[in-house]
Amino acid sequence: MRIARFSIDGNVAFGAVEGEGTVESGGLVLDIIKGIPYTDFELSGTKVPLSKVRLLPPVLPNKVVGIGRNYAEHAKELGNEVPEVPVAFFKPTTSVIGPGDAIEYPSFSHELHHEAELAVVIGRMCREVPRERVQDVVFGYTCANDVTARDVQKRESQWARAKGFDTSCPLGPWIETGLSTADANDLTVQATVNGEQRQLGRTSDMIRSIEDLVVHISEAMTLLPGDVILTGTPAGVGPLNVGDEVAVTIEGIGTLTNRVIKRG
């Protein structure tokens, strides 16, 4: 099932996406969900064309935990070694935007990069998750763009500003709940800028799998429903400029599209 979060007539709700096609092509409808999707819910039977609503970030996470250098070729392209343990960082909730929202080019950077990533959405409160229980705590998966101020990342040892600025975490267009962790560990991840392919990889190339990451992160902190884990980006990251349209497409999930604008 594809679960979207949307607004219509000033109201915010969740809905199950039905039909075939993309956000842009039409043909999709939302069956409004009674309640919130992390618990048992019912479909209301009230359906709204997707074209009549504004899609929002599919979750409002308590925290976004990113993982750096989880693809060997990406680490290599930036001149870095593959880390011995996963490199974790946070993106604040104020960085999260949804499909179609603008990425604001930060005034303190001159080298903004796209990073297409599979995002794991947590479905229940959990801590110290054993590997064999990871499937049980995952609600679903969505597309993410870990937008990075690369020049800032290079000169500051902590990545808080480089990866945590406002609008640096596009998520969407919806959450796909029908994938197992085995499925999600072998999906195509692609990024295009103005229709030109920049990144193309598979999650099977990740150094640490989804199970590895959930175990590693939950050893240190409690994960809450709606929390997001960014699993790293394949090689091919590159510059974004004001006016560019960047799209992240993940096999079996969908396409997340955002445009870059000048801040202010």
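For the structure, check the block above.
Residues numbered from 1 in each chain as written. Predicted model: local features only at pLDDT ≥ 70, side-chain atom pairs only at ≥ 80, totals over all residues. Heavy atoms only, no water.

Peer 1: Could you give me a rundown of the overall build of the protein, with the residues and numbers involved?
Peer 2: Of the regular secondary structure elements, the protein holds 6 helices and 20 strands. Taking 2.2 N^0.38 as the reference for a compact globule, 264 residues should give roughly 18 Å; the C-alpha atoms of the protein span a radius of gyration of 17 Å, in line with that estimate. Viewed in the frame of its principal axes, the protein has a C-alpha envelope of about 55 × 45 × 30 Å. Each of the 264 residues in the protein was classed as buried or not, and the buried ones make up 53%. In the structure as shown, the protein presents an accessible area of about 11500 Å², 49% of it carried by carbon and sulfur atoms. Of note, the protein has its 25 positive side-chain charges centred 5 Å away from the centre of its 35 negative side-chain charges. (Helix = DSSP H or I, 4+ residues; strand = E, 2+ residues; numbered from the N terminus. Rg over C-alpha atoms; globule rule 2.2 N^0.38 Å. Buried < 20%, exposed > 50% of the residue type's maximum accessible area, 1.4 Å probe, protein only. Areas by Shrake-Rupley, 256 points an atom, 1.4 Å probe, with all protein chains shown as cover. Lys, Arg positive; Asp, Glu negative; His and termini not counted. Charge placed at Lys NZ, Arg CZ, Asp CG, Glu CD.)

Peer 1: Lay out the sheet that holds strand 15 (residues 188-193) with the relevant residues and their values.
Peer 2: Pairing is mixed across the open sheet formed by 5 strands, whose spatial order is 9-20-19-15-16. The sheet is open, and its two edges are formed by strand 9 (102-105) and strand 16 (196-202), each paired on a single side. Across the sheet, the mean angle from the axis of one strand to that of its neighbour is 20 degrees, orientation sign disregarded. As paired strands, strand 9 and strand 20 (residues 254-262) are joined by 4 bridges and run parallel to one another. When the bridges of strand 20 are listed, glutamate 104 appears paired with isoleucine 261. (Pairing = 2+ DSSP bridges. Axes fitted to C-alpha atoms, helices over the stretch in contact; angles between N-to-C directions.)

Peer 1: An account of the pairing of strand 19 (residues 245-250) is needed here, citing residue identities and associated values.
Peer 2: Note on strand geometry: in a regular strand, side chains alternate between the two faces of the sheet. Across 5 bridges, strand 15 lies against strand 19 in antiparallel orientation. Across the sheet, the residue bridging to threonine 192 is alanine 247, located in strand 19. Note that strand 19 and strand 20 share 6 bridges and pair antiparallel. Each bridged residue has a counterpart across the sheet, and for threonine 249 the counterpart in strand 20 is threonine 255. Joining the antiparallel neighbours strand 19 and strand 20 is a turn of 3 residues, in which glycine 252 adopts a positive phi near 80 degrees.

Peer 1: Could you give an account of the environment of glutamate 81, with specific residues and numbers?
Peer 2: Along the polypeptide, glutamate 81 turns up in the loop between helix 1 (72-77) and strand 7 (87-91). For glutamate 81, a relative accessible area of 68% translates into the label exposed. The sequence separation of glutamate 81 and serine 109 amounts to 28 residues, and the corresponding C-alpha distance is 25 Å. Apart from the residues within four sequence positions on either side, glutamate 81 is in contact with Arg69 and Ala75. (Contact = heavy atoms within 4.5 Å.)

Peer 1: Explain the environment of serine 25 to me, using residue names and the numbers behind them.
Peer 2: Tracing the backbone through its elements, the reader meets serine 25 in the loop between strand 2 (11-19) and strand 3 (28-34). As for serine 25 and serine 51, which are separated by 26 residues in sequence, their C-alpha atoms are 9.2 Å apart.

Peer 1: So what about the nonpolar core? Which residues, and what values?
Peer 2: It is characteristic of soluble globular proteins that their nonpolar side chains tend to be buried jointly. Membership of the largest hydrophobic core comes to 31 residues, with the highest contact counts inside it found for Leu118, Tyr141, Ile210, Ile250 and Ile253. The element that contributes the greatest number of residues to this core is helix 6 (residues 210-218), accounting for 5 residues. Ignoring anything within four residues of it in the chain, the contact list for isoleucine 253 reads Leu118, Tyr141, Thr142, Cys143, Trp174, Glu176, Leu179 and Leu187. (Core = buried A, V, L, I, M, F, W, Y, C linked by side-chain atoms within 4.5 Å.)

Peer 1: Kindly report on the sheet that holds strand 10 (residues 112-114), identifying the contributing residues and their values.
Peer 2: Strand pairing in a sheet is mediated by backbone hydrogen bonds. Such pairs are either parallel or antiparallel. On the basis of which strands lie adjacent, the open sheet formed by 3 strands has the order 13-10-18 and antiparallel pairing. Edge positions in the sheet fall to strand 13 (148-149) and strand 18 (238-240), since each has one partner strand and no second. Sheet topology note: the strand 10/strand 13 ladder contains 2 bridges and is antiparallel. The residue of strand 13 that forms the bridge with leucine 112 is alanine 149.

Peer 1: Talk me through helix 6; I want residue IDs and the actual numbers.
Peer 2: For helix 6, the buried fraction is high: 7 of the 9 residues fall into the buried class. Ile210, Glu211, Leu213, Val214, Val215, Ile217 and Ser218 are the residues of helix 6 that are buried. Looking at the buried side of helix 6, the elements it contacts are strand 6 (64-68), strand 11 (116-122), helix 2 (134-137), strand 12 (138-145), helix 5 (181-184) and strand 17 (228-230).

Peer 1: Could you give an account of the packing of aromatic side chains, naming the residues involved and the relevant values?
Peer 2: Counting across every chain of the model gives 3 aromatic pairs. Relative to phenylalanine 139, the ring of tyrosine 38 has its centre 5.2 Å away and its plane inclined at 65 degrees; by these criteria the two rings are edge-to-face. Of this pair, tyrosine 38 sits in the loop between strand 3 and strand 4 (42-49) while phenylalanine 139 is found in strand 12, placing the two residues 101 residues apart along the sequence. For phenylalanine 139, a relative accessible area of 16% translates into the label buried. Look at phenylalanine 108 and phenylalanine 165: their rings are 6.2 Å apart centre to centre, the planes differ by 85 degrees, and that puts the pair in the edge-to-face class. Highlighted residues: phenylalanine 108 in the loop between strand 9 and strand 10 and phenylalanine 165 in the loop between helix 4 (160-164) and strand 14 (169-176), separated in sequence by 57 residues. Here phenylalanine 108 falls in the partly exposed class, since its relative accessible area comes to 24%. (Phe/Tyr/Trp six-rings, centres within 6.5 Å; stacked < 30°, edge-to-face > 60°.)

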